[in-house]
Amino acid sequence: MENPGVRWGVYLGIASIATALIFYIISPKMLFTVNSYVGMVITIAMLVMACKETKEDLGGFASFGQMCQPAFIAFAIGSIISVAFTYVLMNIIDTGLQDIQREISIEAVEKMSGFLGEEGVEAAIEEIENSNPMSITKSGMGLAVSLIIGALVSSIIAAIMKK
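Residues numbered from 1 in each chain as written. Predicted model: local features only at pLDDT ≥ 70, side-chain atom pairs only at ≥ 80, totals over all residues. Heavy atoms only, no water.

Caption draft 1: The overall build of the protein, seen in detail. Helix and strand content of the protein: 6 helices and 0 strands. Helices and strands in the protein line up, N terminus first, as α-α-α-α-α-α. Projected onto its principal axes, the C-alpha coordinates of the protein cover approximately 60 × 35 × 25 Å. Each of the 163 residues in the protein was classed as buried or not, and the buried ones make up 34%. In the form shown here, the protein has an accessible surface area of approximately 9,200 Å², with 68% of it arising from carbon and sulfur atoms. Taken together, the 9 basic and 15 acidic charged side chains of the protein have centroids lying 16 Å from each other. (Helix = DSSP H or I, 4+ residues; strand = E, 2+ residues; numbered from the N terminus. Buried < 20%, exposed > 50% of the residue type's maximum accessible area, 1.4 Å probe, protein only. Areas by Shrake-Rupley, 256 points an atom, 1.4 Å probe, with all protein chains shown as cover. Lys, Arg positive; Asp, Glu negative; His and termini not counted. Charge placed at Lys NZ, Arg CZ, Asp CG, Glu CD.)

Caption draft 2: Representation of the nonpolar core within the structure. Core analysis: the largest hydrophobic core is formed by 16 residues, its most contacted members being Leu 47, Cys 51 and Met 67. Going through the elements one at a time, α1 (4-26), α2 (34-57), α3 (64-93) and α6 (136-161) are the ones with two or more residues in this core. Among the elements that take part in this core, α3 stands out by supplying 5 residues, more than any other. (Core = buried A, V, L, I, M, F, W, Y, C linked by side-chain atoms within 4.5 Å.)

Caption draft 3: Region of the structure containing the environment of Phe 64. In this fold, Phe 64 is placed in helix α3. Under the relative-accessibility criterion, Phe 64 is labelled partly exposed at 37%. Sequence separation between Phe 64 and Glu 103 is 39 residues, and the spatial gap between their C-alpha atoms is 42 Å. In this structure, Phe 64 is in contact with Ser 155, Ala 158, Ala 159 and Lys 162, ignoring residues within four places of it in sequence. (Contact = heavy atoms within 4.5 Å.)

Caption draft 4: Here's a closer look at a nonpolar patch on the surface. On the surface, Tyr 37, Met 40 and Ile 44 cluster together into a nonpolar patch covering about 330 Å² of accessible area. When you line up the elements, Ile 44 lands in helix α2. A relative accessible area of 38% places Ile 44 in the partly exposed class. (Patch = residues over 30% accessible without salt bridge, like charges linked within 9 Å, V, L, I, M, F, W, Y side chains within 5 Å. Salt bridge = Lys/Arg side-chain N within 4 Å of Asp/Glu carboxyl O.)

Caption draft 5: Examining the environment of Asp 99 more closely. For Asp 99, the location among the structural elements is in helix α4 (residues 96-111). For Asp 99, a relative accessible area of 49% corresponds to the partly exposed category. Through-space distance from the C-alpha of Asp 99 to that of Ala 159 is 41 Å; in sequence the pair is 60 residues apart.

Caption draft 6: View of the confidence of the model for the protein. The pLDDT averaged across the protein works out to 92; a share of 99% of its residues lies at or above 70. Per-element confidence in the protein is highest for α1, whose mean pLDDT is 97, and lowest for helix α5 (residues 113-129), whose mean pLDDT is 79. (pLDDT = per-residue confidence, 0-100.)

Caption draft 7: Expanded view of the layout of surface pockets. In this model, the largest pocket occupies a volume close to 1,100 Å³. Lining the largest pocket we find 33 residues, and of these Ser 36, Ser 82, Val 83, Thr 86 and Ser 146 sit closest to its centre. Counting only elements with at least two residues in the lining of the largest pocket, the list comes to α1, α2, α3, α4 and α6. Within the lining of the largest pocket, the residues separate by chemical class into 17 nonpolar, 15 polar and 1 charged. (1 Å grid on protein atoms, 1.4 Å probe; cavity = no way out; pocket = protein on both sides within 12 Å on 5 of 7 lines; lining within 4 Å. Points joined across faces, edges and corners; volume = space filled by probe spheres on them. Nonpolar A, V, L, I, M, F, W, Y, C, P; charged D, E, K, R; others polar.)

Okay, here's the thing in structure tokens:
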């Protein structure tokens, strides 16, 4: 793999799987709470490394575009691997994780009751209870949103690291 974005994207995907498995083994609930914060730190570190390696390959000077491309490629590959693993984990390996995710989502909605009102909370809870949080459609939509956020994060990292 000569492209730093591809290499660091694969590393990011592997790191995402490893951290998910660690938190799953410790406590499945941590998979939906702590793992997201740890994943954010790992993601930023891997994107920085992809940019750093690209800049070194270019002799220490790189434009915004030259920095943005490997960062976004790494983010996209890592996200695809992570979403695919999470889909398999929650729909094939341990379907009970869906109940844990629903429980966490319901708790979050209940904490927002002041913003949503009583009817809004009841409607949101009913929707959560009657849906698969990791269906193909929701996984795809989550990946799409993640890629949009990834483009923003990649742009910020590229702007910081360009020279």
